[in-house]
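Observations on the model geometry
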Amino acid sequence: MTAPLSILIIDDEPQIRRLLRVVLEGGEYRVFEAEMGATGIQEAASRRPDLILLDLGLPDMRGNEVLRRIREWSTVPVLILSVHDDEEDKVEALDGGADDYVTKPFNNAELLARLRVLTRRLSPPGDDSTFESGPLRVDFAIRQVFLHNREIPLTPTEYALLRVLVRNAGKVVTHRHLLTSVWGPNSVEQSQYLRVYMTHLRNKLASDGKPFSGIHTETRIGYRLILDEERG
Amino acid sequence: MIDASRPDPDALLAGLQREQRLSQQGRLKIFLGMCPGVGKTYAMLLSAQQQEEDGIDIAVGVVETHGRIETQALTAGLERIPLKRVEHRGITLEEMDIDAILARKPDLVLIDELAHTNAPNSRHPKRYQDVLELLATGINVYTTLNVQHLESHRDVVAQITGIIMQETVPDSVFDRANEVELIDLTAEQLRKRIDEGKVYLAENAGGAADNFFREGNLKALREIALRLTAEKADRQLLDFLKDRSIKEPWRSRERLLVAIGPSPYSERLIRWTRRIAAATHATWMGIYVESSIALDEQNKQRLSKNLTLARSLGAEVLMTSGDNIAEALLRMAKEHNATQIVVGKPMGNRFIEMLRGGSLVDRLVRKSGEIDIYVVRADKPTPWRPQFGAWSNNVSRLGDCIKAIAAVFIVTLLGLLLKPLIGYTTVGLLYLFSVLIMALFLRRGPMVLMALLSALTWNFLFIEPKFTLYVSNVHDGVLLGAYFLVAIVVGQLTSRLRRREFLERQREQQATALYQFARELVSAESLQTALVNATRLIDGIFQCRTSVFLKAEKNTLTPVAASGPALDDHELSVATWAFLNKEAAGRFTNTLPQSAIFCTPLRSRDHTLGVVALRFNPDVTFGLNDQQLFETFCAQIAVLIERDFLRHKATQFEIEENSQRLQKTLLDCVSHELKTPLAVITTAAESLEKSSSPGSLLSEIRIAASRLNRIVSNLLNLARIEAGTIKTSLDWWDLREIVTQVLDLEKASLLERKVDVEFPNPSGPFELDAALIEQILANLLRNAARHSNHQITLRFSFEDPQLEIRVSDDGSGIAPEEIAHIFDKFYRSSSTKTDGLGLGLSIIKGFAEAHHGSVSVQNIKPNGSEFLVRIPTRLSNHPLQ
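Residues numbered from 1 in each chain as written. Chains lettered and ligands numbered in written order. Predicted model: local features only at pLDDT ≥ 70, side-chain atom pairs only at ≥ 80, totals over all residues.

**Details of the overall build of chain B**
Within chain B, the regular secondary structure consists of 27 helices and 25 strands. Counting contacts in chain B only where the partners sit at least 6 residues apart, residues at least 24 apart contribute 68% of the total. (Helix = DSSP H or I, 4+ residues; strand = E, 2+ residues; numbered from the N terminus. Contact = placed C-beta atoms within 7 Å.)

Written out as structure tokens, the structure reads:
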């Protein structure tokens, strides 16, 4: 990593911006700030940041609108910041192209970890025919899953589910995303399938009688496969 | 043509509807006898006793035992509903108390003598109407009936016995019966019973009764009763087959149409049609053709009586208008698929009929095509002329006649003056001219008079030989004949034109009235003004006093607009009856006709909104035309009321919506403003804490901030609960998933207590709002952690459709006097080490209720307390294994 990555913060609260600046500069990021949605879009266009931190509660326009406008021309990773308990807005943002979210008050380590997951996508792709995190190993070429080097027999649906989570490892994956990827676009209402197969998957990945803790439930939003480096 | 092999969908639908309607209504059983004394009441009581033994709830509405001991004995053990005493002109009459029966609401009520006429001022004039009302409320009825009281058999019975029955029961009631039991006795047996004195004969009957009970009569009556029962049984079988769509020779698709007029023998025609229709299982309808000739009062009343008769005999009664009765009848017959038309034998003058293009029958037969025409004999030669002739209705006024004579006189004078100049033929033209002019002003009768008179005068005074009615040469004869014909025809044509015009005007007046009515209603600022305007307009058009009532709470009526005196208690009960039964009541109707007011319910598509009551002067009539117009008015008023109601609702909804949106915005704003600084404090303290030495005050800041954060969250949650802005978003969830999540998040606040969790099998997916459930669980666990010593138990169980969540601790329990208040907000237990505002439990309650559930608490043994949250939910069709 030669040059530090640049981050654009779009938030109307000066205190939050200052706090984020301190935290992020400590994490070797270069930081730009925007106070409003409109200026945020301009900054994003002119500065071409590597990442964007977007607050959903902006005074001049809805955060989701800012996101939509940026997504019209850019695929830059966007992390949503929100104090609202309003899950619907978050789901809308995530389904509308945001990459992940953190809820204020956030934990510094958590924020930096989320950003790291997003920046990984920016580095050139290596060999992604296998995935490994902690005891879990997935071999995409032969469609096999191993836990502690023991093969776990999965049904095609369970495998498909796990694959979507693994492909987005570290990031939250919304219910809608999971349902459309695994069951097709007509199944977005069938969240009961998702619950059933998720439970089966967790039970199959259980070890020592405890369900697999690597898949985290984000209430009302979706699921997240936690990378081993984040745990503990 | 209808395919005979396939069940008629209309018939199937009608069958279904009938079944549905009847299933909600009570069942009617009629004990039918050929005449008094066959033992109907006895049979009814016997059957009732059996039912009573079977545990049916029976009450006696009214039973006439006529002092017979055997019969009296059968009433023992049956509950009697006391009769009501009615004072009428100093005489006390005892009548069945329908209100008492309705209040008592037994399963089955016994009501003797279905044909009985109630005392004046009773609710209904006839007992069978009481029975129908009872049936409508779902009460089953047993009743008795003699065959001679059946409306359609009245004539036949009268022919046999010579007695015309005054008390009759419409055949529709007989048809309505679910069961008919014939109490049969041979004529000899009955005579024997009479001789033994076992038959009650009214004291005043005397010789008439003897006459009635002649053996010949009894045989004939018995035959009628037997045949009627057989027909009924046959029809029930047919209905059964139709309802079950069982293939059978699909019987008659005949449909009879009878022309109804104001003639007294129209009544006979109606009865005849009903009998034929019943015998051939055909449906039938009555048509009244309203012509442009206005009916006089007597005819109007007779017409209305005939129409009512047809309705009560089960006909569908329709009205149409047209001057050509034959055409109108054929048109209606084609529109309504009638296969047979029933008309009376023509009784008009043959000559006049020829002028009119043949009698009604001739014209019907000529144009009927596939429709059969029945011509039924009129057996009562009366001086009354059929309405088809229509001449008699055209009673001319004396004034018109005088005008006609005066006109002839003036023209005659003029003719005498001018004759030397113009000659007698031209005088004839003068006469013709005067006839033409007068036709514009006179009715048909005076016109004929004038034509006749002028022809005679012309002949008498001007045509040679003068001063005789004799015409000497052919030329004059032809002239006179032609004159007379032209005068008559012109007079006819002109007066017909005028009649049309009159009718047009009448229609226009109605249309104008309606238009004005609609405009007044729409332009009014409020419903109140609109209704006041409406009463004013109705008053003006129908010459009455109007009161409008609207539905208030619990089906009571409140007056909203009235132009006349307030209604007294009796009249109010008429209005209430009309409202509750959704039918017109009071004067001019069959219900409470002695009342001074006429009440119509205001009906919208599915509700009754109120009642309009009209008070007429005693001598006023309220004709068919008026009733139709008034009904249209009522429909308009109903629309207006409904519209107002909807507008009101919409406004209220909008206000609620706005205030909710405002509250939500406000709460979101407060949430943002309070939480942002807290977020800054927490995050800042956290990041500093890492770099500073352990035990610094920074951790105190962080802990205080997170506590403050929780309090703010609780307060905001409470505010959202209070504002009602919490909306559940249901989704399918595995309970294990939710619990894992909660235990993870609440690890810090559980203070190292051990939590035992028990799940139902399967543990999901349940349809829940996971965020609410998580909040409830978190609050319950936090509360339990504060009060427990070591152990917390969290137990889920599912009893479709309730999910029960029990959280118990092993603490000291709750003081009994505190249990009632524990879910109150800001309530803090006096004995415990609680911190916070005492909001946790009230939030649990609020969230549980937002999820349509409930929460309760109790102390458990040996120690501790248990909170129970019940949430209605359902288990997915794809349960977890």
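**Focus: unusual backbone geometry**
Across the junction of B:Asn761 and B:Pro762, the peptide omega takes the value -5°, indicating a cis bond. You can see B:Pro762 is positioned in the loop between strand S20 (754-758) and strand S21 (766-768). In this model, B:Asp800 is joined to B:Pro801 through a cis peptide bond whose omega is 5°. Phi at A:Asn149 takes a positive value of approximately 65°, unusual for a residue other than glycine. Within the element layout of this structure, A:Asn149 appears in the loop between strand S8 (144-147) and strand S9 (150-152). Here the phi dihedral of B:Gln543 falls at roughly 55°; this positive angle occurs in a residue that is not glycine. Secondary-structure assignment places B:Gln543 in the loop between helix H20 (527-542) and strand S14 (544-551).

**What to know about the nonpolar core**
Within soluble globular proteins, side chains that are nonpolar generally end up buried alongside one another. Within the largest apolar cluster, 67 residues are counted, with the highest numbers of intra-cluster contacts made by A:Ile52, A:Leu53, A:Leu54 and A:Ile80. B:Leu74, B:Ile98, B:Val141 and B:Ile160 belong to the second-largest nonpolar core, a separate cluster that totals 49 residues. (Core = buried A, V, L, I, M, F, W, Y, C linked by C-beta atoms within 7 Å. Buried ≥ 20, exposed ≤ 12 C-beta atoms within 10 Å, placed from the backbone.)

**Focus on the sheet that holds strand S9 (residues 255-259) of chain B**
Residues and elements named next belong to chain B. Judged by pairing direction, the sheet is parallel, and its five strands sit side by side in the order S11-S10-S9-S12-S13 without closing on themselves. Since the sheet does not close on itself, it has two edges, and those belong to strand S11 (316-321) and strand S13 (372-376), each with one partner. Within the sheet, the average angular offset between the axes of one strand and its neighbour, ignoring direction, is 25°. Relative to strand S10 (residues 283-290), S9 is paired through five bridges, and the arrangement is parallel. Bridged to Leu-256 within S10 is Trp-284. With respect to the sheet, helix H12 (residues 297-312) is in contact with S10 and S11, its orientation differing from that of S10 by roughly 165°. Each of S9, S10, S11 and strand S12 (340-344) touches helix H13 (residues 325-335); the most contacted strand, S10, lies at about 145° to it. (Pairing = 2+ DSSP bridges. Axes fitted to C-alpha atoms, helices over the stretch in contact; angles between N-to-C directions.)

**Examining the confidence of the model for chain B**
Residue and element names in this part refer to chain B. Summarising the model, chain B shows a mean pLDDT of 80, and 88% of its residues fall at 70 or more. pLDDT under 50 marks residues 246-252. Its contacts with residues more than four places away, or in other chains, come to eight contacts. The complex model carries a pTM of 0.49, and its ipTM stands at 0.81. (pLDDT = per-residue confidence, 0-100.)

**Focus on the interface of chain B and chain A**
Every contact between the two is made by 29 residues of chain B and, on the other side, 23 residues of chain A. Among the elements of the structure, helix H22 (624-691), strand S19 (731-733), helix H24 (735-745) and helix H25 (770-787) of chain B are those that each provide at least two residues to the side of chain B that touches chain A. Per element, the largest residue contribution to the side of chain B that touches chain A is 13 residues, and it comes from H22(B). Class assignment for the residues of the side of chain B that touches chain A results in 10 nonpolar, 11 polar and eight charged. (Nonpolar A, V, L, I, M, F, W, Y, C, P; charged D, E, K, R; others polar.)

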